[in-house]
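An overview of the molecular structure
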Amino acid sequence: MTASEMRVGMGHDRHRLVTGRPLILGGVVIDFELGLDGHSDADVLLHAVTDAILGAAGLGDIGEWFPNTDRQWENAASAVFLQKAIEEVRRQGWEIANLDCTVHAELPKLSPYKQEITAQIARLLEIGEERVNVKAKTGEKVGPIGRLEAIDADAIVLLVRS
């Protein structure tokens, strides 16, 4: 396989924690008293994954495809963004080799949800769970993560030509 047949993409996102919104990470509803603020469902993990996939294929970023100024995306499920990105990437002949992602959240503890999140992302990407890795880190009580002001997510993806 030559370098021209592989592409790496990186994604990052951050949303503020607020009351009155559900917390959705990787397409999974998490039981917590705070949720993420945003124009869509604010699923910070799926936003990072979508950005990584779009970036790897040289297709820009999530804000270009699904701008928060467009009312059609208001309260949209982030799974829709991911599915549209995947459709375009596959149309161009790319497939996902693997995905590695990290959620940065002081609370809630995400260990009980990691397998469910992994399975949901794999289902959305239509790949095996063994090709998806989800990690969770705290903010060690430092910065906006540690002060429960926000949740961040990072994702890196490898695309290969199909």
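Above this note sits the structure.
Residues numbered from 1 in each chain as written. Predicted model: local features only at pLDDT ≥ 70, side-chain atom pairs only at ≥ 80, totals over all residues. Heavy atoms only, no water.

1. As for helix H3 (residues 78–91)
Taking 1.5 Å of rise per residue, 14 residues should cover 20 Å, and H3 covers 20 Å from first to last C-alpha, within 8% of that figure. For H3, the complete set of buried residues consists of Ser78, Ala79, Phe81, Leu82, Ala85, Ile86, Glu88 and Val89. Those residues of H3 that are buried are in contact with helix H1 (44–56), helix H2 (62–65), strand E5 (94–104), helix H4 (114–125) and strand E7 (150–161). Positive phi shows up at Gly93, right after H3, with a value of about 95°. (Helix = DSSP H or I, 4+ residues; strand = E, 2+ residues; numbered from the N terminus. Expected span 1.5 Å × (residues − 1). Buried < 20%, exposed > 50% of the residue type's maximum accessible area, 1.4 Å probe, protein only. Contact = heavy atoms within 4.5 Å.)

2. Overview of the packing of aromatic side chains
For the structure shown, the criterion picks out four aromatic pairs. With a centroid separation of 5.0 Å and 90° between ring planes, the pair formed by Phe66 and Trp73 is classed as edge-to-face. Relative to Phe81, the ring of Trp73 lies with its centre 5.5 Å away and its plane at 80°, an arrangement referred to as edge-to-face. One aromatic cluster in this structure is built from Trp65, Phe66, Trp73 and Phe81. We note Arg161 situated over the ring of Trp94; from NZ or CZ to the ring centre the distance is 4.0 Å. (Phe/Tyr/Trp six-rings, centres within 6.5 Å; stacked < 30°, edge-to-face > 60°. Lys NZ or Arg CZ within 6 Å of the ring centre and 35° of its normal.)

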